[in-house]
Amino acid sequence: MPQMAQSSNTKKKSNTSTKSKSGAKQSSSKSAAAETGKKPIRREITAVVFAFLALLTIIAMFSNDGIVVGAVGSFLKGIAGYGFWVCAPVFILIACIQGFHRGRPVAMRTFAAILLPIFVGALCDLLFGKPELSSKGFSAILSQLYAGGQEMTCGGVLGGLLAYGCKLAFNGYGAVIILFFAFIILMMVAFNVTFKKIGEWLNGRELAEYELQPEPEKPVEPEKPVELTTPFVDVPKDAYYY
């Protein structure tokens, strides 16, 4: 009898322990589900920040008055040079990408969009850049590129270095072609456009069917009646007298 009582007590303890463990697991799973159910707002905050930067950049395109506006415009010009003119639309694009992501991964699209002003600055540096890089050292080159970017005479620090590296690796014409195609690819990535989508759009496009129309018949002009005229023969008067 005492052994049976002990065995029943142990069974009760084991049952209570398993129930407590299962209850703890259920509570932990519920808390984890509640945590995962919360939507993060990191991307929305990033969208607001880039929209604000776009506003400041647009103001800096017309006026450098103000500490914040002047600092933002000076920094972007020194970094991207000629690419400063596309910074505002790029920031608006990034704000739209981050704000309307719908749960999809957008890191690659955002990174591609950030690179667009740099590649624009590098392309314009190869085509319109005036200053020659200094040979006094890397720090002197950086300061020269930063000052030239603020004066809008080169591609800035990042754009100028990219243009200089491509020009060393290839000649000037090859660097322009490579940077142009790289810019096109970055645009496609930023706007989420692939070659497959382009092919599907071209194949699925409805072509207008042209109906064959007969050529207009030329009106037949009625033939004019031919008038038979007798030839006039001039007979001399003396011909009747023989």
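Above this text sits the structure in question.
What you are looking at is a predicted structure, and each value in this text was computed from that prediction instead of being measured. (Residues numbered from 1 in each chain as written. Predicted model: local features only at pLDDT ≥ 70, side-chain atom pairs only at ≥ 80, totals over all residues. Heavy atoms only, no water.)

1. Thoughts on the overall build of the protein chain
And step 1. The helix and strand tally for the protein chain stands at 9 helices and 0 strands.
And step 2. Counting from the amino terminus, helix and strand elements in the protein chain follow one another as α-α-α-α-α-α-α-α-α.
And step 3. The 242 residues of the protein chain split such that 26% are buried.
And step 4. Per element, the accessible surface of the protein chain, about 18700 Å² overall, is 65% carbon and sulfur. (Helix = DSSP H or I, 4+ residues; strand = E, 2+ residues; numbered from the N terminus. Buried < 20%, exposed > 50% of the residue type's maximum accessible area, 1.4 Å probe, protein only. Areas by Shrake-Rupley, 256 points an atom, 1.4 Å probe, with all protein chains shown as cover.)

2. Things to note about the packing of aromatic side chains
And step 1. Applying the stated rule across the entire model yields 3 aromatic pairs.
And step 2. With a centroid separation of 5.7 Å and 55° between ring planes, the pair formed by Phe50 and Phe91 is classed as tilted. Here Phe50 is found in helix α2 (residues 42–62), whereas its partner Phe91 is found in helix α4 (residues 87–99), with 41 residues between them in sequence.
And step 3. With a relative accessible area of 15%, Phe50 lands in the buried category.
And step 4. With a centroid separation of 5.7 Å and 65° between ring planes, the pair formed by Phe84 and Trp85 is classed as edge-to-face. (Phe/Tyr/Trp six-rings, centres within 6.5 Å; stacked < 30°, edge-to-face > 60°.)

3. Section: the packing of α4 against helix α5 (residues 107–128)
And step 1. Orientation of α4 relative to α5, taken along the N-to-C sense of each, is 175°, at an axis distance of 9 Å. Judged on the interaxial angle alone, α5 and α4 are roughly antiparallel. Here Cys87, Val90, Leu93, Ile94, Ile97 and Gln98 of α4 come into contact with α5, specifically with Arg109, Thr110, Ala113, Ile114, Leu116 and Pro117.
And step 2. A class-by-class count of the residues in the contact of α4 with α5 yields 9 nonpolar, 2 polar and 1 charged. (Axes fitted to C-alpha atoms, helices over the stretch in contact; angles between N-to-C directions. Parallel < 35°, antiparallel > 145°, perpendicular 65-115°, else oblique. Contact = heavy atoms within 4.5 Å. Nonpolar A, V, L, I, M, F, W, Y, C, P; charged D, E, K, R; others polar.)

4. Some points on the side chain of Gln98
And step 1. Mapped onto the elements, Gln98 comes out in helix α4.
And step 2. Here Gln98 falls in the buried class, since its relative accessible area comes to 8%.
And step 3. Contacts of Gln98, omitting those with residues within four sequence positions, involve Arg43, Glu44, Thr46, Ala47, Val106 and Thr110.

5. Structural notes on helix α6 (residues 138–150)
Three or four residues apart is the spacing at which side chains of an α-helix point the same way, because the helix has 3.6 residues per turn.
And step 1. Here α6 spans 18 Å end to end across 13 residues, near enough to the 18 Å set by a 1.5 Å rise per residue.
And step 2. Met152, located one to two residues past α6, shows a positive phi value of around 60°. (Expected span 1.5 Å × (residues − 1).)

6. Comments concerning a nonpolar patch on the surface
And step 1. There is a patch of nonpolar side chains on the surface, built from Phe191, Val193, Phe195, Ile198, Trp201 and Leu202 and spanning about 630 Å² of accessible area.
And step 2. By the secondary structure assignment, Val193 is in the loop between α8 (172–190) and α9 (195–204).
And step 3. Judged by relative accessible area, Val193 falls into the partly exposed class, the value being 33%. (Patch = residues over 30% accessible without salt bridge, like charges linked within 9 Å, V, L, I, M, F, W, Y side chains within 5 Å. Salt bridge = Lys/Arg side-chain N within 4 Å of Asp/Glu carboxyl O.)

7. Thoughts on the packing of α5 against α8
Helix packing for two helices is described by the angle between their axes and how far apart those axes are.
And step 1. Relative to each other, α5 and α8 sit at 155°, their axes nearing to 9 Å. It follows that α5 is roughly antiparallel to α8 by the angle criterion. Here the hand of the crossing between α5 and α8 comes out left-handed. For the pair formed by α5 and α8, the contact residues are Met108, Arg109, Ala112, Ala113, Leu115, Leu116, Phe119, Val120, Ala122, Leu123, Leu126 and Leu127 on the first element and Ala175, Val176, Leu179, Phe180, Ala182, Phe183, Leu186, Met187, Val189 and Ala190 on the second.
And step 2. Here the residues of the contact of α5 with α8 are counted per class, giving 21 nonpolar, no polar and 1 charged. (Left-handed = near helix turned anticlockwise from the far one by under 90°.)

Coordinates in, geometry out; function isn't part of it.
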